[in-house]
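The chain contents come next:
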Amino acid sequence: MKSSNNKCICVILFLFFVVELFILKMQKQIEQNKINIKLNSAGLSHVPSEDKFHIFLVWKGQHIPNIYLKAFETLVKFHQNAEIMILSNELETKIFSGYNNSKNIFIVKYNLTQMVYQQPGYDFVEKAVKILNGQNINNLVVTPVHISDFLRYFLVYSYGGLYLDFDMFVLRNLESYKNTIGVDQNKSHVCSKKVYDSPKAKQFTCLCNCMFSFDRHHPFLEHALTIYEKWWSECQGYGPGGGTMLFTLLEYYYDKINFMPNEYWICNKYIRVRNNELDDSSPAIQDAINNCFVFHFYGSGDPNFKIENIEKTLLGRVYNRISYYSLNK
Ligand SMILES: *[C@@H]1O[C@H](CO)[C@@H](O)[C@H](O)[C@H]1NC(C)=O
Ligand SMILES: *[C@@H]1O[C@H](CO)[C@@H](O)[C@H](O)[C@H]1NC(C)=O
Ligand SMILES: *[C@@H]1O[C@H](CO)[C@@H](O)[C@H](O)[C@H]1NC(C)=O
């Protein structure tokens, strides 16, 4: 009797133990799911939606000069259905509320650590955040350009879409240009000994990371994130992870990328005369509007950037023809 009772208790205890283990395991799983969901969505104040085309911009600083706002207005004008996200921890949302008829414009705050945790590029972020918090790691420096280059790769890699610099007047809708980046033809800039030819762009030895569009999880950007830390820590300087770094990856992904000549992709055809005054009848104005994708005015995020007599320049004249507003407003 006693022994069977003991057996019984043992079995019950054992069963209880099994059930308890099961419950614990379930709880752990639920908790883990919670953490995953948090890590996916956290790190960004607004998570890019599933069903819209994404456009990413990055801005550093609280102040944004008028000319960049004008540029932004042209982007909005041609992309009413896209979700436009400005990555900035400093800008106030209300600065952009006047452009938000589409209700698709978001100032997105981000926490680099949370956003990138356990994903490609985290080795860079781990060091960069420590340095930004005042730690010394081999005297390495982190600048806004280093963060901006990293962010653009990470966002387009993670969510897919278009990245463009803030200093661009947009001249058409860009949603249909997939896996596309701009390159400098005919060896007009030399960043590499390698020279490539593609159907649309000939003899290029340089590319610009100022405007590109890629599908989510494109291997080219994944690779860029993976080598970012190495290039940043070994080269430092202005843009260690910029066009030169990306160019070294073309040999692996050449057939997965569409190359566009920068003459028209970012309107470098007029790079030398873009800020010169010119007559309103100049054919350059209509050529730029008809053939350029964006007009890059090379402000480099400078918060004091101004162009003298802008309304008489090629840039100003292009703007006045495509915009609803006047530059003088
Ligand atoms: C645009 O509208 C959406 C939806 O109302 C809002 O969540 C977002 O913050 C607005 N953006 C700006 C810049 O005002
Ligand atoms: C960013 O996220 C990390 C990890 O959750 C946290 O430790 C850190 O305090 C956050 N940074 C800021 C500025 O909120
Ligand atoms: C490169 O050559 C092509 C063909 O001759 C020409 O149309 C284009 O303007 C040139 N581009 C540059 C940047 O020199």
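The residue numbers shown here count from 1 along each chain, following its written sequence. For this description, chains carry letters from A and ligands carry numbers from 1, given in the order in which they are written. In view of the model being predicted, local features appear only for residues whose pLDDT reaches at least 70, and side-chain atom pairs are presented and counted only at 80 or more, with totals across whole chains, interfaces and linings using the full set of residues. As a rule here, side-chain values come from all non-hydrogen atoms in the structure, and water together with hydrogens is ignored.

- As named in an unreviewed UniProt entry, the protein chain is Alpha-1,4-N-acetylglucosaminyltransferase, taken from Brachionus calyciflorus.

### Structural notes on the site of ligand 1
Part 1: Lining the immediate environment of ligand 1, one finds Thr 93, Phe 96, Ser 97, Asn 100, Lys 103, Ile 105 and Phe 106.
Part 2: In protein, a polar contact requires one atom able to donate a hydrogen and another able to accept it; more generally it is a pair of N or O atoms within 3.5 Å, and residues adjacent in sequence count only if both atoms are side-chain atoms. Asn 100 places a side-chain nitrogen or oxygen 2.4 Å from an oxygen atom of ligand 1.
Part 3: Per-residue and other accessible areas were derived by the Shrake-Rupley procedure at a 1.4 Å probe size, with only the shown protein chains allowed to occlude residues. For ligand 1, the accessible surface in isolation is 360 Å², of which the surrounding protein chains cover 66%.
Part 4: Taken together, the residues that form the shell around ligand 1 break down as three nonpolar, three polar and one charged. Definition of nearness: a residue and a molecule or strand are near each other if at least one heavy atom of the residue lies within 4 Å of the molecule or strand. When residues are sorted by character, Ala, Val, Leu, Ile, Met, Phe, Trp, Tyr, Cys and Pro go into the nonpolar class, Asp, Glu, Lys and Arg into the charged class, and all the rest, Gly among them, into the polar class.

### Regarding empty space enclosed by the protein
Leftover empty space is mapped by rolling, across the atoms, a probe with the size of a water molecule.
Part 1: The method works on a 1 Å grid over the protein atoms by themselves. A cavity is a set of points holding a 1.4 Å probe that cannot get out, a pocket is an open set with protein on both sides within 12 Å along at least five of seven lines, and residues with an atom within 4 Å of a point line them. Grid points are joined across faces, edges and corners, and a volume is the space filled by probe spheres set on the points. Applying the stated rule across the entire model yields one cavity of 30 Å³ or more.
Part 2: Approximately 40 Å³ is the volume found for the largest cavity.
Part 3: Surrounding the largest cavity, Leu 57, Tyr 68, Ala 71, Phe 72, Leu 75, Leu 164, Asp 165, Phe 166, Met 168 and Val 170 form its lining.
Part 4: By definition, any uninterrupted DSSP run of H or I lasting at least four residues is a helix, any uninterrupted run of E lasting at least two residues is a strand, and each is numbered from the N terminus. Listed by contribution, the elements that provide at least two residues to the lining of the largest cavity are helix 2 (66–78) and strand 5 (168–170).
Part 5: In terms of residue count, the dominant contributor to the lining of the largest cavity is helix 2 (four residues).
Part 6: Broken down by class, the residue content of the lining of the largest cavity amounts to nine nonpolar, no polar and one charged.

### Observations concerning the pattern of salt bridges
Part 1: Just to be clear on terms, a salt bridge is a Lys or Arg side-chain nitrogen sitting within 4 Å of an Asp or Glu carboxyl oxygen. By the definition in use, this model includes 10 salt bridges.
Part 2: Two residues, Glu 229 and Lys 127, come together in a salt bridge whose shortest N-O distance is 2.8 Å. With Glu 229 in helix 6 (residues 219–235) and Lys 127 in helix 4 (residues 122–132), the pair connects residues that are 102 residues apart, well separated along the chain.
Part 3: Relative accessibility decides the category of a residue: with a 1.4 Å probe and only protein chains considered, values under 20% of the type maximum give buried, values over 50% give exposed, and everything between is partly exposed. On the basis of relative accessibility, which here comes to 11%, the residue Glu 229 falls in the buried class.
Part 4: For the salt bridge of Asp 165 with Arg 152, the shortest nitrogen-to-oxygen distance reads 3.5 Å. Of this pair, Asp 165 sits in the loop between strand 4 (161–164) and strand 5 while Arg 152 is found in helix 5 (residues 144–159), placing the two residues 13 residues apart along the sequence. Here the two residues Asp 165 and Arg 152 agree in accessibility, since each one is buried.

### Re the nonpolar core
Part 1: Residues belong to one nonpolar core when they are buried, are Ala, Val, Leu, Ile, Met, Phe, Trp, Tyr or Cys, and are joined through side-chain atoms within 4.5 Å. Core analysis: the largest hydrophobic core is formed by 53 residues, its most contacted members being Phe 72, Phe 96 and Met 211.
Part 2: Examining the composition of this core, we find that seven residues originate from one element, helix 2, more than from any other.
Part 3: With residues near it in sequence (within four places) discarded, Phe 72 still touches Leu 57, Ile 84, Ile 86, Phe 96, Tyr 99, Ile 105 and Phe 166. In this analysis, two residues are considered to be in contact whenever any of their non-hydrogen atoms come within 4.5 Å of each other.

### A closer look at the site of ligand 3
Part 1: Close to ligand 3 lie Asn 186, Ser 188 and Glu 263.
Part 2: Side-chain polar atom of Asn 186 to an oxygen atom of ligand 3: 2.3 Å apart, as the coordinates give it.
Part 3: At 2.4 Å from a nitrogen atom of ligand 3 is found a side-chain nitrogen or oxygen belonging to Glu 263.
Part 4: Considering ligand 3 on its own, with 360 Å² of exposed area, one finds that the protein chains cover 37% of that surface.

### What about the packing of helix 5 against helix 6?
Part 1: Remark: helix 5 packs on helix 6, axes separated minimally by 9 Å, with the N-to-C direction vectors making an angle of 160 degrees. Viewed along their axes, helix 5 and helix 6 adopt a mutual orientation that is roughly antiparallel. In this structure, helix 5 crosses over helix 6, and the sense of that crossing is left-handed. Where helix 5 abuts helix 6, its residues Val 145, His 146, Asp 149, Phe 150, Tyr 153, Phe 154, Val 156 and Tyr 157 lie against Leu 221, Glu 222, Ala 224, Leu 225, Tyr 228 and Trp 232.
Part 2: Looking at the contact of helix 5 with helix 6, its residues break down into 11 nonpolar, one polar and two charged. Axis definition: a line fit to C-alpha positions, over the contact stretch in the case of helices; interaxial angles, taken between N-to-C directions, run 0 to 180 degrees. Comment on the angle field: the value is read as roughly parallel under 35 degrees, roughly antiparallel over 145, roughly perpendicular from 65 to 115, and oblique elsewhere. In this scheme, a crossing is called left-handed if the near helix is turned counterclockwise away from the far one by less than a right angle; it is called right-handed if the turn is clockwise.

### Some details on unusual backbone geometry
Part 1: The backbone of Tyr 298 shows a phi angle near 55 degrees, a positive value even though the residue is not glycine.
Part 2: With respect to the secondary-structure elements, Tyr 298 resides in the loop between strand 9 (294–296) and helix 11 (314–322).

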